[in-house]
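Letter by letter, the chains look like this.
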Number of protein chains: 2
Amino acid sequence: MTMNRRSLLGAAGLALGAPVVTVAQAAEVAQAPHKEALKAPPPPPVTKILAEFIHDSSYDGLPDNVRREGVRSFLNWVGVAIGGSHHETVDIAVSALQPFSGPPQASLFGRTERFDIMNAAFLNGVASHIFDFDDTHLKTIIHPAGPVASAILAHAEMKPVSGKDFLDALVVGIEVECRIGNVVYPNHYDAGWHITGTCGPFGAAAAVSKLMGLSVEQTIYALGLAASQPVGLRESFGSMTKSFNPGRAAANGLFAAILASKGFTSSEKMIEVRRGWAQTISTKQDWSQITEGLGTRYESALNTYKPFACGIVMHPAIDAAIQIRDGEHVKPEDIKSVDLKVHPLVLESTGKTAPKTGLEGKFSIYHAVAVAFVEGAGGEKQFSDRAVKDPRVLALRAKVNPVVTPGVDPAQVDMVVTLNDGRTIHRHIDHAIGSVEKPMTDAQLDAKFRDLADGILPAAQATRVLTLCRSLPDLKDAGEVARAGVQGA
Amino acid sequence: MTMNRRSLLGAAGLALGAPVVTVAQAAEVAQAPHKEALKAPPPPPVTKILAEFIHDSSYDGLPDNVRREGVRSFLNWVGVAIGGSHHETVDIAVSALQPFSGPPQASLFGRTERFDIMNAAFLNGVASHIFDFDDTHLKTIIHPAGPVASAILAHAEMKPVSGKDFLDALVVGIEVECRIGNVVYPNHYDAGWHITGTCGPFGAAAAVSKLMGLSVEQTIYALGLAASQPVGLRESFGSMTKSFNPGRAAANGLFAAILASKGFTSSEKMIEVRRGWAQTISTKQDWSQITEGLGTRYESALNTYKPFACGIVMHPAIDAAIQIRDGEHVKPEDIKSVDLKVHPLVLESTGKTAPKTGLEGKFSIYHAVAVAFVEGAGGEKQFSDRAVKDPRVLALRAKVNPVVTPGVDPAQVDMVVTLNDGRTIHRHIDHAIGSVEKPMTDAQLDAKFRDLADGILPAAQATRVLTLCRSLPDLKDAGEVARAGVQGA
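This one's a predicted model, so the numbers in the text were calculated from it and none came from an experiment.

Reading the values: the criteria
Per chain, residues are indexed from 1 in the order of the written sequence. Whichever chain is written first becomes A and whichever ligand is written first becomes 1, with later ones labelled in order. Side-chain atom pairs in this predicted model are given and counted only at pLDDT of 80 or more, local residue features only at pLDDT of at least 70, and totals for whole chains, interfaces and linings cover all residues. Excluding hydrogens and water, the side-chain values take into account all heavy atoms of the structure. Each helix corresponds to a stretch of at least 4 residues labelled H or I by DSSP, and each strand to a stretch of at least 2 residues labelled E; elements are numbered beginning at the N terminus. Expected helix span is given by 1.5 Å per residue-to-residue step, counting one fewer step than there are residues. Categorising residues by exposure relies on relative accessible area from a 1.4 Å probe, with only protein chains included: less than 20% of the type maximum marks a residue as buried, more than 50% marks it as exposed, and the intermediate range marks it as partly exposed. Starting at the helix axis, one direction is taken to each C-beta atom, and the arc is that of these directions. Contacts are assigned to residue pairs with any non-hydrogen atoms lying within 4.5 Å of each other. UniProt positions are given in the numbering used here, feature names are shortened, and annotations may be inferred rather than shown by experiment. Any Phe, Tyr or Trp ring, taking Trp's six-membered ring, that has another such ring centre within 6.5 Å forms a pair; planes under 30 degrees apart are called stacked, those over 60 apart edge-to-face, and the others tilted. Definition used: whenever NZ (Lys) or CZ (Arg) falls within 6 Å of the ring centre and also within 35 degrees of the ring normal, the charge is taken to sit over that ring. Every residue carries a pLDDT, the predictor's confidence in it, which falls somewhere between 0 and 100. Only the contacting stretch of a helix is used when fitting its axis, a line to C-alpha atoms as for every element, and angles between N-to-C directions run 0 to 180 degrees. Our angle categories are set so that under 35 degrees counts as roughly parallel, over 145 as roughly antiparallel, 65 to 115 as roughly perpendicular, and the remainder as oblique. Helix crossings are classified by the rotation of the near helix relative to the far one: an anticlockwise turn of less than a right angle makes the crossing left-handed, while a clockwise turn makes it right-handed. The residue classification treats Ala, Val, Leu, Ile, Met, Phe, Trp, Tyr, Cys and Pro as nonpolar and Asp, Glu, Lys and Arg as charged. All others, Gly included, are polar. Any two strands with at least two DSSP bridges between them are considered paired. Residues are said to line a cavity or pocket when one of their atoms sits within 4 Å of a point; the points come from a 1 Å grid over protein atoms alone, cavities being sets where a 1.4 Å probe fits but cannot get out and pockets being open sets with protein on both sides within 12 Å along at least five of seven lines. Grid points are joined across faces, edges and corners, and a volume is the space filled by probe spheres set on the points.

A. Up close: helix H21 (residues 442–453) of chain A. Residue and element names in this part refer to chain A. An ideal rise of 1.5 Å per residue puts 16 Å on 12 residues; H21 measures up with 16 Å between its terminal C-alpha atoms. Every buried residue of H21 is listed here: Leu445, Asp446, Lys448, Phe449, Leu452 and Ala453. Down the axis of H21, the smallest arc covering the buried residues is 160 degrees, so these residues share one side. Check the buried side of H21 and you find it contacts helix H4 (64–83) and helix H22 (459–470). Note on H21: the residue one or two positions beyond its end, glycine 455, has a positive phi of about 90 degrees.

What follows is the structure in structure tokens.
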């Protein structure tokens, strides 16, 4: 015995279709309106609220610190996109998609191929997440720039836009992405969603809608189409699909805005209603995360950048090692022992004593501390196969003694280095460099950029791209950054 | 105080990243392995099981009834894709995507434009769902053919394939799509997901993997990439985004298989594990829906087709009206009254007494019965603005008296027609035409096809396309169907 299920779900649900429910289910569904009536208060119209925010935003209205952090987010993203541009993951995607690409509308950082903007957005987005070395909105674990910047830079190459308008779109996209993430985090992430891939399409759609100058209604529909295309599950972590997610999120948001710009319709309440995005994809919805301080308090100003190419569990120890090495001019060969007081999670998650590959090195506190003393850094190069085989690193690695110590919290480390001459040097870290409390300086971001570009772009070209990123608000054509970042430019 | 969250989540989770949790959250996560240990038994390796089923399937191994239903599913899909090909929704999508399309690799039914296979798969998939008149797997409310056929027909135009291999891929895709749907239905659909869009990428990826002859490992990764790209929320019902969903599902599955074919990796257990697809996207997982009878019992043999272009709540009454009209040669002007005994849901969902538009007509039992007596059909034409304004329909509409009657179940109707000469004619319907119990005949499917193609393709061309669909297993090149279905072919 069968019945039209959608016919029980109001006008929208009624729209045709041959779905079926048992009468038991029918009865249950028939109760739904009553059940929902009990759920007071109804959600605020956040889809429309966000669309109006996107529509009304302007560079002139952005606070200075927001503009500044926007430039830093962009610069960090360009660096990681260049750094990942020749990884096998990108090579495979480029060769797979070349036969289907449209006109050569947009560039790929660090490469020579050109693609249509949908594919270019995807590919730059993938490249920028390869090392998981991109920016992080710590409240949601979203890597905000990837989905947003990948989409708007591709679009900016096709349709030139000033650096100021580009920066406004970038900030708006990151803001929408992170605020929607705040609505559902942590339940949504705990459930298994890769939150950068599920919130990313909103950020990309918002930013492209802004660049295209869409009306509020068109922007509402762009957000609705973005809501219909979440990307990524945490089970993919450790595979190429993890980098796929921000790339596809960028392409999905761009696809959404392009369709909406021509009049493709969606729901006007896709984010908030019962069978919309947030209630379907998460058990938690905190609408105030969207409504409170929108346009005055900026989540995008809270963006952070990683100084070290590994999980932040090891960042305090690497920070301490580099401070001692550079501050006290300590040479690895002078070190007798390195004693660390650490939180239990450090050994749980990074306790590998003898890593054999660069990737394994990212899970070894012994390697991380040793290579930091030897090379004074914790970048991708320090977690390479080369680095974990370096005799000087191997020698020092054996002298690193992490000790789980009550009272040391996860953000802290206490390090005592004993030298062969008997001298001891002590450093206590409460917040490692790169944390919200101790952000990376512009000089450190520049150094990270140069390090990522090294080996992919000539130093002079890297400097040129870096300078363009720093002067983004003054550029007549933001697409210049993309063209300056290709191989052989 | 912050900590690397992913560092708590095993090797995959450990992979780099700078996510953050409070220590409270850290403690909670630290418990996870223990919690999960309690969840016995672990899920079967369904991703691998499905990949092996896909890899090992062959036309020769398909039961006759499965082959037959595959052809009917394909024919019905081609008909609805032609029928929807000139709807505003498709016009908008075509104009929006033309500037970004790659080489003209594939055709659009009923049109002249050609697109790269990704865009063509999307556009034919959108067109096929416009009228919500496509096929239905009643156990899950999935419209199975759209995502699968749209993807493989586009691919078949680029890389020719025999009708037999095409049919095998179609059946395999529908089987994977519907069985995964069975795993999570109804909870997943009730939550708000448009199940055709969330399971569709699996079907498309499976079918394209089969067409491309991918290895089991490549197919596993294609399924993993498909799992990472679910599409569609029920809130979009009633907007263009509803048709967007099966189209994007087709493109996403095709995209997944294309990447996997070049060595793009994903998880090997993406569907079943804790932070994989089914446990993240649904509160219900019935793994036996995949493992039981795979390769012997075919869900694809349960596919159904709608005879009437409206929700099936009204199908029994339309069926009764047409039977009385044609069986007893009843003319509308001879009718004094039409009394219907119906289930309460009929008036709840289709109680509009005076519809003003074709769409409103789909929610009016009065119109549906009247137009069925006047025109002897319930197709898209009978739910047009023209039909709801037809004076003969308006006159009869006023004589239709539906009465909610206890004991009449949703699949039933009891109709008594009283004629002006005093004669009465009675019909009782237990299962309307198009139900599992009373499937549409081949002749009825052919008539539906011709009706959908009417006004879009010349009758002779429609017949040619119909004949090609019927002879699919004998075609040397399945792509012939696509080329024969374009405007001006």
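Additional details are given in the paragraphs that follow.
B. Broad picture of the UniProt feature "domain: MmgE/PrpD N-terminal" (unreviewed entry) in chain A. Residues annotated in UniProt with the feature "domain: MmgE/PrpD N-terminal" (unreviewed entry) correspond here to residues 50–288 of chain A. Strand forms 3% of residues 50–288 of chain A and helix 62%; the C-alpha atoms that close the span are 12 Å apart.

C. Molecular detail of the packing of aromatic side chains. Evaluated as defined, the whole model comprises 19 aromatic pairs over all chains. Taken together, the aromatic side chains of Phe74, Trp77, Phe109 and Phe166 of chain A make up a single cluster linked through ring pairs. Between the NZ or CZ atom of arginine 67 of chain B and the centre of the ring of tyrosine 59 of chain B, over which it lies, the distance is 4.0 Å. When the ring centre of phenylalanine 237 of chain B is taken as reference, the NZ or CZ atom of lysine 242 of chain B above it lies at 4.7 Å.

D. Highlighting the environment of glycine 213 of chain A. Checked against the element boundaries, glycine 213 of chain A lands in the loop between helix H10 (195–212) and helix H11 (216–227). The spatial distance from the C-alpha of glycine 213 of chain A to the C-alpha of isoleucine 54 of chain A is 9.6 Å, given a sequence separation of 159 residues.

E. Region of the structure containing the confidence of the model for chain A. Residues and elements named next belong to chain A. Residue-level pLDDT values for chain A average 92, and 92% of them are 70 or greater. Predicted confidence for residues 1–37 stays below pLDDT 50, and this span has 100 contacts to residues more than four positions away or in other chains. Quick note on the complex model: pTM equals 0.89, ipTM equals 0.89.

F. Highlighting helix H5 (residues 88–97) of chain A. Judged by how many residues are buried, H5 of chain A sits mostly within the fold: seven of 10 residues are covered. Of the positions making up H5 of chain A, those classed as buried are Thr89, Val90, Ile92, Ala93, Val94, Ala96 and Leu97 of chain A. Residues of H5 of chain A that are buried sit in contact with strand E2 (114–115), helix H6 (117–127) and helix H12 (240–261) of chain A together with helix H6 (117–127) and helix H12 (241–261) of chain B.

G. Broad picture of the packing of H5 of chain A against H6 of chain A. All names here are of chain A. Direction vectors running N to C along H5 and H6 enclose 165 degrees, while the axes themselves pass 9 Å from each other. Here H5 is positioned roughly antiparallel relative to H6, judged by the angle of their axes. In this structure, H5 meets H6 at a crossing whose hand is right-handed. Mapping the contact onto sequence places Thr89, Val90, Ala93, Val94 and Leu97 in H5 and Asn119, Phe122, Leu123, Val126 and Ala127 in H6. Here the residues of the contact of H5 with H6 sort into eight nonpolar, two polar and no charged.

H. Summary view of the sheet that holds strand E7 (residues 413–419) of chain A. Residue and element names in this part refer to chain A. Spatial strand order, E6-E5-E7-E8: four strands in an open sheet with mixed pairing. With partners counted over all chains shown, the strands left at the sheet margins are strand E6 (400–404) and strand E8 (424–429), one partner each. Shown here is a sheet whose adjacent strand axes are inclined to one another by a mean of 15 degrees, direction ignored. Here strand E5 (residues 335–342) runs beside E7; their pairing, made up of six bridges, is antiparallel.

I. Seen up close, the sheet that holds strand E7 (residues 413–419) of chain B. Residues and elements named next belong to chain B. One open sheet accounts for four strands, arranged E6-E5-E7-E8; its pairing is mixed. Each edge of the sheet is formed by a strand with only one pairing partner; in this case those strands are strand E6 (400–404) and strand E8 (424–429). Pairs of neighbouring strands in the sheet enclose a mean axial angle of 15 degrees, with direction left out of account. Sheet strands in contact with helix H18 (residues 365–375) are strand E5 (335–342), E6 and E7, and its direction is about 130 degrees off that of E6.

J. Representation of empty space enclosed by the protein. Enumeration according to the criterion identifies eight cavities of 30 Å³ or more in this entry. Taken as a whole, the largest cavity spans an internal volume of roughly 270 Å³. What lines the largest cavity is a set of 18 residues, and nearest its centre among them are Met118, Asn119 and Arg248 of chain A together with Met118 and Arg248 of chain B. Those elements giving two or more residues to the lining of the largest cavity turn out to be H6 and H12 of chain A together with H6 and H12 of chain B.

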